[in-house]
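Structure at a glance
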Amino acid sequence: MCGIIGYVGERQAVPVLLYGLQRLEYRGYDSAGIAVITPASNRLIVEKQVGKIKDLQEKLWNKKIEGHIGLGHSRWATHGAPTIENAHPHTSKSEIISIVHNGIIENYIELKKQLEEKGYKFKSQTDSEVIAHLFEDLYEENLLKTAFKVAGKLEGAYAVGIISTKEPDTIVAIKKGSPLVIGLGKNENFIASDIPAVLEYTKDFIVLEDGEIAKITKDKVEVYDLKGNKVKKEILHVNWDVSVAEKAGFKHFMEKEIHEQPRVVSDTISGFTSSKESGLFEELKNASRIYIIACGTSFHAGLVGKFWIEKFAKIPVEVDYASEYRYRDKIIDDKTFVIGISQSGETADTRFALLDAKKEGAKTLGIVNVVGSSLSREADYTLYTYCGPEIGVAATKTFTAQLVVLLLTALEVGLKKKVLPQDKYEDIYQHLLAIPSKIEKILLKNKTIKEISYKYMNAKDFLFLGRNINYPIALEGSLKLKEISYIHAEGYPAGEMKHGPIALIDENMPVVAVAPKDNFYEKMISNIQEVKARKGKVISVATENDEQIKDLSNNVIYIPKTINELYPLLSVIPLQLLSYHIAALLGKDVDQPRNLAKTVTVE
Ligand code: F6R
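Residues numbered from 1 in each chain as written. Predicted model: local features only at pLDDT ≥ 70, side-chain atom pairs only at ≥ 80, totals over all residues. Heavy atoms only, no water.

1. Some details on the sheet that holds strand β6 (residues 97-105)
In spatial order, the strands read β5-β6-β7-β8-β12-β13; together these six strands make up an open sheet with antiparallel pairing. Each having just a single partner strand, β5 (90-91) and β13 (220-225) make up the two edges of the open sheet. Looking at chain direction, β6 and strand β7 (residues 156-164) are connected through nine bridges and run antiparallel. If you follow His101 over to β7, its bridge partner there is Val160. (Pairing = 2+ DSSP bridges. Helix = DSSP H or I, 4+ residues; strand = E, 2+ residues; numbered from the N terminus.)

Below is the structure:
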C-alpha cells in the first residue's frame, strides 16, 4: 500500500506534494519521492529518499525546485526492498515521462521481459517501473491516448499518475483496484490516494471508479471509461477537518483498520497469487513436520493455520509461543520447516527463535507485513500480508491477512503434494474470494455490536468459547478485549469449560460463544446450555438464519454463511468490533493501550 499525489496549478508544486505526502505517510513510509517539470528547461526533476517524508523534506531543504506540475509518492515496499532505485516516481528511458503507482502489477514479469527485449533497461526491482517504460514505448499523440493503450496491457490493481515533458500542463491518472481521487481547486487540480492528502486545498472531489482514466489540467478535468467514452462525474463535497480525515472519519485507527479488512483480504489474495514463491512450496511439500512460532495475535493466526495445513497439506504442525519454542529441545532435521509469523517482522522473540531453528538446520519461512523488516531478511523465504501500515497497537487487519496467507499456503502445498484434489482447491478458493463482501456485511452490524457492547461494558470478566478451528478465534477475542479495555478475559476451548472455568460462571459473567453452523455446532449448543443453566449471559456469534441459537442467547451477532473451514475469517470480525466498542465506550486509549508497544523488540 503506497500513497500517491499529483498537482497542477499556479502554486509551486513541491510544497503541495510534500504536504500531501505527509498526510499519506500512514499508507507507507519506507521511501518517498517527487517528480516536477521545471518550466525553465522543460525537464523532469526527480528527487527520492529512503526513509520517512521528513527525510525527503530534509533532502530538499536547500534545493530550489521550481515548477507548477508534479507527482509525489510515499512507498510501502511490496516488490523490491526500500532503496532509492525502488522508490517512486519512476522515469521512462529517455526521461520524458514520470509515473507514480499504488497497487500491484500482476503481469509485470511478462511485460518487463517484452520491454527488455526492446532495449529498455530497468533500474529498479519494482513492478511499477514497467508502467513508465510502457508509456514511452506505446506513446502516440498524447498521454491520454497512450493511457488507454497502457491500461489495456496492465493486469492487477493500480492507481497511477503520469506526467510528461511532452505535455507539461497535464496529469493523466488511471485507476483500477487501488483508490484515487481528484481534488478540484480554482486554477489548480490534484490527484491523491485519499481525500486527506489535499483537504488543505479543496473540499470538492471526484472519486474515480475502476476502469476510469482522467486528464487533469489546472482548469479542466475530463474522465473517460476504458472505451474512450466521456464519463460525467458527480462532485463530492466533504466537510471533514484534516485530523478526522486522517482516520477516514473513524474515531480511532483501530476502528478504521477493522473496516479495512475487506480490502486487505482482497489485496493479500492477489498479492499471494502474483508473488508465488514456487521454490518455497516445493520445499514445504517435502516437509515432514512444521513448527509455527509467533507471539500474541500472530500466534493465534498460527493456531488456525495448523488446522488448515494438517487438513489440506497433511503435514503435522506444532504451534508454539516463540518465547517458549526458543528454549525448548527442538526436534529438527533437514525436513523440518519453521514458520515465523510476525506483523512487524521485528518481534525479538519470534526472530531469535526462528534464527536458532535455522542454525539447527530447519528451513524457515517468515509471514510478515512490513517489507524489508528483520524477519523478512532473516528467513529463507518470506510471504507478505498486504495490509499497509497497522497503526492501532491491537492487531486486527494483519490477523485476517495472516489467516489468508496461511490458508493459501496450505492449499498450494496440498495441491502440489496431490493430497488436495484440484476441484476442492478451486471450491475453497472461490469461497475465499467471497470473504471480503461477507466481511462488509458483518461491518454493517457495527451499530448493533456497539449496542451490545454498551450492555456489557461494565463486566469485570469475560469468557470466550469456541471449538476446533474457531477455538483460536475465542483466544483472539479475549486477547483483543483485555489489551484495549483492561477487562479480564479468558479464551477457552468450549469442551474444556466443564473441567474448571465453569466454576466462574454466574449471572455477572458474559460468555461469548463462537458458534457458526459447522460440524461442531451441536456440541457448542450443549456448551451454551451449560452456561445458561448457570445464569451466564450468552453473546453468540452465529450463522445467519440460525433461529435455534437465538432462544439460548441473550444476544446474537450473525455472520454470513461460508464453508466450515473459512469461518475464522468471519467470526473474528464481530469480536474485534465488540472489544473496540467496549474500550471506546469506557474511554480507554484504544490505539495506544497502556504498557503495550506496536513492536516488541525485547525478549
Ligand atoms: C495483539 C498484538 C500483539 C502482537 C504481538 C506480535 O493485538 O498486537 O499480541 O500480535 O506482539 O507482534 P508481531 O506480529 O509484530 O510479531
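From this point, the discussion proceeds with the structure in view.
2. Side note on the state of the cysteines
Summed over the entire model, instances satisfying the criterion amount to zero disulfides. As a non-bridged cysteine, Cys295 has Cys387 as the owner of its nearest cysteine sulfur, 17 Å distant. (Disulfide = S-S within 2.5 Å.)

3. Some remarks on the packing of aromatic side chains
The final tally for this structure, using the stated rule, is nine aromatic pairs. With a centroid separation of 5.9 Å and 85° between ring planes, the pair formed by Tyr19 and Tyr201 is classed as edge-to-face. One end of the pair, Tyr19, is in helix α1 (residues 13-24); the other, Tyr201, is in the loop between β10 (188-192) and β11 (204-207), with 182 residues separating them in the sequence. Assessed through its relative accessible area of 21%, Tyr201 is described here as partly exposed. On the basis of an interplanar angle of 80° and a centroid distance of 6.1 Å, the ring pair of Phe148 and Tyr224 is categorised as edge-to-face. Of this pair, Phe148 sits in helix α5 (residues 143-153) while Tyr224 is found in strand β13, placing the two residues 76 residues apart along the sequence. A relative accessible area of 22% means that Phe148 is categorised as partly exposed. Put simply, the rings of Tyr7, Tyr19, Phe190 and Tyr201 touch in pairs and so form one group of aromatic residues. Directly above the aromatic system of Tyr325 lies the positively charged group of Lys330, at a separation of 5.4 Å from the ring centroid. The ring of Tyr521 has Lys517 sitting right over it, with the charged end atom 4.8 Å from the ring centre. (Phe/Tyr/Trp six-rings, centres within 6.5 Å; stacked < 30°, edge-to-face > 60°. Buried < 20%, exposed > 50% of the residue type's maximum accessible area, 1.4 Å probe, protein only. Lys NZ or Arg CZ within 6 Å of the ring centre and 35° of its normal.)

4. Comments concerning the pairing of strand β16 (residues 317-321)
Pairing geometry for strand β15 (residues 289-294) and β16, over five bridges, is parallel. Each bridged residue has a counterpart across the sheet, and for Ile293 the counterpart in β16 is Asp320. For the crossover that starts at β15, traverses helix α10 (residues 296-313) and ends in the parallel β16, the hand is right-handed. (Right-handed = clockwise from strand over helix to strand, strands pointing away.)

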